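# Commentary on secondary and tertiary structure
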Amino acid sequence: MVLIGENINIMNKQVKESIQKRRKETIQKIAIESERNGSDYLDLNIGPARKEGPSLMEWIIETVREVSHLPLCLDTTNIEALKVGLEMEGETAIINSIQAVEERMEQMLPLVKKYNCKFIALLLGKEGMPRDENERGAIAANFLAKIEEYEIPPSSAFFDPIVLPVRFQQEQVVATLEFMKMFRELFPDCNSTCGLSNVSNGALNSLRGLINRTYLVMLWKYGMTSAIIDAQDMELISIIRGERENIKDLIWKAMEEEVDLSGLSEEERNYVKTVYILQGKSIYSDSYLKL
Ligand code: THG
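Below is a summary of the structure that appears in this document.

Quick notes on the rules
- Residues numbered from 1 in each chain as written.
- Predicted model: local features only at pLDDT ≥ 70, side-chain atom pairs only at ≥ 80, totals over all residues.
- Heavy atoms only, no water.
- Buried < 20%, exposed > 50% of the residue type's maximum accessible area, 1.4 Å probe, protein only.
- Helix = DSSP H or I, 4+ residues; strand = E, 2+ residues; numbered from the N terminus.
- Pairing = 2+ DSSP bridges.
- Right-handed = clockwise from strand over helix to strand, strands pointing away.
- Near = heavy atom within 4 Å.
- Polar contact = N/O pair within 3.5 Å; in protein donor to acceptor, adjacent residues only side chain to side chain.
- Areas by Shrake-Rupley, 256 points an atom, 1.4 Å probe, with all protein chains shown as cover.
- Core = buried A, V, L, I, M, F, W, Y, C linked by side-chain atoms within 4.5 Å.
- Contact = heavy atoms within 4.5 Å.

### Regarding the pairing of strand β4 (residues 94–99)
The buried fraction of β4 amounts to 5 of the 6 residues, a majority that puts the element mostly inside the structure. Across 3 bridges, the pairing between strand β3 (residues 72–76) and β4 is parallel. Paired with cysteine 73 across the two strands is isoleucine 94, which belongs to β4. With helix α4 (residues 79–89) bridging β3 and the parallel β4, this β-α-β connection has right-handed handedness. Read as a crossover between parallel neighbours, the route from β4 over helix α5 (residues 102–115) to strand β5 (residues 118–122) is right-handed.

### Notes on the site of the ligand
Around the ligand there are 15 residues in total, and Asn9, Asn96, Asp160, Asn198 and Arg208 lie nearest to it. Here a nitrogen atom of the ligand and a side-chain polar atom of aspartate 75 are 2.9 Å apart. A distance of 2.7 Å is found between an oxygen atom of the ligand and a side-chain nitrogen or oxygen belonging to asparagine 198. Within the complex, the protein chains bury 72% of what would otherwise be the 660 Å² of accessible surface of the ligand.

### A short note on the pairing of strand β6 (residues 157–160)
By the alternation rule, side chains of β6 split into Ala157 and Phe159 and Phe158 and Asp160, which are all buried. Judged from the 4 bridges that link them, β5 and β6 form a sheet pairing that is parallel. Paired with isoleucine 120 across the two strands is phenylalanine 158, which belongs to β6. For the segment spanning β5, helix α6 (residues 133–149) and β6, crossover handedness is right-handed. Following the chain from β6 across helix α7 (residues 170–186) to the adjacent parallel strand β7 (residues 191–192), one finds a crossover that is right-handed.

### A short note on the nonpolar core
Membership of the largest hydrophobic core comes to 91 residues, with the highest contact counts inside it found for Ile60, Phe119, Phe143 and Phe159. A total of 9 residues in this core trace back to one element, the largest contributor, which is helix α8 (residues 205–221). Leaving out residues up to four positions away in the same chain, phenylalanine 159 has contacts with Ala121, Leu123, Ala140, Phe143, Leu144, Ile147, Phe183, Cys190, Asn191, Ser192 and Thr193. Ranked by size, the runner-up nonpolar core spans 7 residues in total, among them Ile4, Cys73, Ile120 and Ile228.

### Topic: the side chain of serine 18
Note that serine 18 resides in helix α1 (residues 13–20). Apart from residues lying up to four places away in sequence, serine 18 is in contact with Arg23, Thr26, Ile27 and Trp59.

Remember, this is a structural readout, not a statement about activity or role.
Take a look at the structure:
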């Protein structure tokens, strides 16, 4: 599983300030820590970057390159900024992301071709958010046809089925799982990824790590090949790296059958209860662990 550290993100207050004042320290600290914790890529999320997008992209890549050699995931909707990043990083970069809208695909797939880079194919079509797993499948099939039209290898695409918050859209969390269940069979040569932390947005801070970790292990069972994650969550990284096999096995088991909670540790019970929430078997509430 390819892990992309999400922490250099303009939505974070300190990162935003660091970018506005062009002060390298915060960003470099995050880059070093994300690499040390085991990230494979760093996501550089500079948002729409309407002002000075290209110079901002150049500055932030130079800033990160002074302290880390990890490959980069260029997270911006600003095409001019993206081009600067691709000139600097070439085929090691991942474009984050290309929306499944004709205009965006036709604008951006030639860049994938030119730089021979990878890209995230966001399953957000012209009608907006897909409603269920079948709409996700239809958008993905259409996207793959475009990719083939441009003679881009399907393995360069990381399909992102869009992860939404369980607190507000529990049925969509289930739909994304259902889509992933079909994915390997429908798109065997393609990669997949997601913005994992979206799933716990708005949930109690004390629950976020647990929800994120459980959901990623569930998506992993269905063959997800990558995720954009909180690189400060060492527990998440150690589970994915195979250092907590008991937790992984328990989550995979709870996905298939009713697990007897008596005799489990509190940590294990919490993982099992979270599986049932993310499968839609129990309804989410902030106090679900206490029920
Ligand atoms: N798919 C793709 N790219 C993405 C996303 C996606 N990039 C951005 C985002 N979604 C993934 N990255 C993050 C980064 C941070 C958080 C969530 C997703 C996050 N941050 C904290 C919070 O909101 O509480 C802190 C930020 C703040 O201070 O507000 O949750 O889905 N392809």
